[in-house]
Number of protein chains: 2
Amino acid sequence: MSSDKCPLMAASKLLSRKWGLVIIYYLLEGEKTFSELEKKINGISSKTLSETLEDLVEMGLAERIVEPGPPVRVRYRLTEMGRDLERVIVYMAEWACKWLLKEDECPRPKIREGSAQS
Amino acid sequence: MSSDKCPLMAASKLLSRKWGLVIIYYLLEGEKTFSELEKKINGISSKTLSETLEDLVEMGLAERIVEPGPPVRVRYRLTEMGRDLERVIVYMAEWACKWLLKEDECPRPKIREGSAQS
DNA sequence: CCGGATCCGTTATGATACTG
DNA sequence: CAGTATCATAACGGATCCGG
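*Asks:* Could you give me a rundown of the overall build of chain A, with the residues and numbers involved?
*Replies:* When its secondary structure is counted, chain A shows 7 helices and 3 strands. Secondary structure of chain A in N-to-C order comes out as α-α-α-β-α-α-β-β-α-α. Out of the 118 residues in chain A, the part that is buried amounts to 45%. Sequence separation of at least 24 residues holds for 50% of the intrachain contacts in chain A that already meet a minimum separation of 6. Accessible surface, chain A: about 6,300 Å² in total, of which carbon and sulfur atoms supply 48%.

Structure (structure tokens):
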């Protein structure tokens, strides 16, 4: 049988979203609004950001929090499941620093410690 | 400023390939031929496998090794840069096991020991 | 302005068939 | 065995538009 249970294939919905891990990387810094993410993530279109956020919420990785206005504010926050990707993302970032970037382009991860945010 | 150097964005070519990390996951077990990968990775089309392998080689993550035949054999092997993704992939696999799979569907990683580590 | 939705063109992926 | 060719769908990017 070729049906090995490959855990990475179970995660393929996440992995196949081009900006999924990048968005989570920035959400690890803390909650962000739609337009904060849009400004941070240079190169993403609002359409793709919107769709990817929807998918992240649907996958249970992030929460969409609507603060009734006016003005209405929508914030996105990682769930525990999403925050649990921190190690993956930190190591991926280190890998990219090592192999893809110059030393001086390599930022210190800005992951928040003690992430109790309720 | 929006021009943060985000290491994950530098890796976006890899991350945006749906099957990239999955292929590397299996190549971490050792060299594989095209059809071995095709059998292992259920759900990938030969076209996408072919294109993704080309990209992995072009990105420097894997090598394409042609054994003159007949019959000609083509094997794919990770480079050091590719093997260095091991931590990322192992943690991603663990994450998927924890959140996406049932306990009994969660295989022990079959990564080969004795490879160069940093 | 904010948080998208809609339309449209381009690229990536999937299914199937076929080739050296 | 190791791919290519062809065609269809899905994801992505750019631009525009819209209700609050």
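*Asks:* Any details on helix H5 (residues 46-59) of chain A? Residues and values, ideally.
*Replies:* All names here are of chain A. Counted at 1.5 Å a residue, the expected span for H5 with its 14 residues is 20 Å, and the 20 Å between its end C-alpha atoms agrees. The inward-facing, buried residues of H5 contact helix H2 (12-15), helix H3 (20-27), helix H4 (34-40), strand S2 (62-67) and strand S3 (73-78). After H5 finishes, the residue Gly60 shows a positive phi value of roughly 85°.

*Asks:* Please provide a residue-by-residue account of the sheet that holds strand S1 (residues 32-33) of chain A, values included.
*Replies:* One key point about sheets: their strands pair by backbone hydrogen bonds, in either a parallel or an antiparallel sense. Residues and elements named next belong to chain A. The antiparallel open sheet is built from 3 strands, whose spatial order is S1-S3-S2. Two strands close off the open sheet at either side, each with one partner strand: S1 and S2. Bridge count for S2 against S3 is 6 bridges, and the pairing is antiparallel. Note on S3: the bridge partner recorded for Ala62 is Leu78. On the sheet, H5 packs against S2 and S3 and is oriented at approximately 110° with respect to S2.

*Asks:* Pulling in residues and values, what's your account of the packing of helix H7 (residues 86-99) of chain A against helix H7 (residues 86-99) of chain B?
*Replies:* Direction vectors running N to C along H7 of chain A and H7 of chain B enclose 165°, while the axes themselves pass 9 Å from each other. Judged on the interaxial angle alone, H7 of chain B and H7 of chain A are roughly antiparallel. Crossing of H7 of chain A against H7 of chain B: the hand is left-handed. Of the residues in H7 of chain B, those touching H7 of chain A at Arg87, Val88, Tyr91, Met92 and Glu94 of chain A are Arg87, Val88, Tyr91, Met92 and Glu94 of chain B. Classifying every residue of the contact of H7 of chain A with H7 of chain B by side-chain character gives 6 nonpolar, no polar and 4 charged.

*Asks:* Summarise the interface of chain A and chain B; cite the residues concerned and give the values.
*Replies:* Taken together, the contact pairs 46 residues of chain A with 46 residues of chain B. Linking chain A to chain B there are 4 salt bridges. With a shortest N-O distance of 3.1 Å, Asp84 of chain B and Lys98 of chain A are connected by a salt bridge. The tally of links from chain A across to chain B stands at 8 residue pairs in polar contact (both at pLDDT 80 or more). Elements with a contribution of two residues or more to the side of chain A that touches chain B: helix H1 (7-10), H2, H3, H4, helix H6 (80-83) and H7 of chain A.

Scoring rules and cut-offs
- Residues numbered from 1 in each chain as written.
- Chains lettered and ligands numbered in written order.
- Predicted model: local features only at pLDDT ≥ 70, side-chain atom pairs only at ≥ 80, totals over all residues.
- Heavy atoms only, no water.
- Helix = DSSP H or I, 4+ residues; strand = E, 2+ residues; numbered from the N terminus.
- Buried < 20%, exposed > 50% of the residue type's maximum accessible area, 1.4 Å probe, protein only.
- Contact = heavy atoms within 4.5 Å.
- Areas by Shrake-Rupley, 256 points an atom, 1.4 Å probe, with all protein chains shown as cover.
- Expected span 1.5 Å × (residues − 1).
- Pairing = 2+ DSSP bridges.
- Axes fitted to C-alpha atoms, helices over the stretch in contact; angles between N-to-C directions.
- Parallel < 35°, antiparallel > 145°, perpendicular 65-115°, else oblique.
- Left-handed = near helix turned anticlockwise from the far one by under 90°.
- Nonpolar A, V, L, I, M, F, W, Y, C, P; charged D, E, K, R; others polar.
- Salt bridge = Lys/Arg side-chain N within 4 Å of Asp/Glu carboxyl O.
- Polar contact = N/O pair within 3.5 Å; in protein donor to acceptor, adjacent residues only side chain to side chain.

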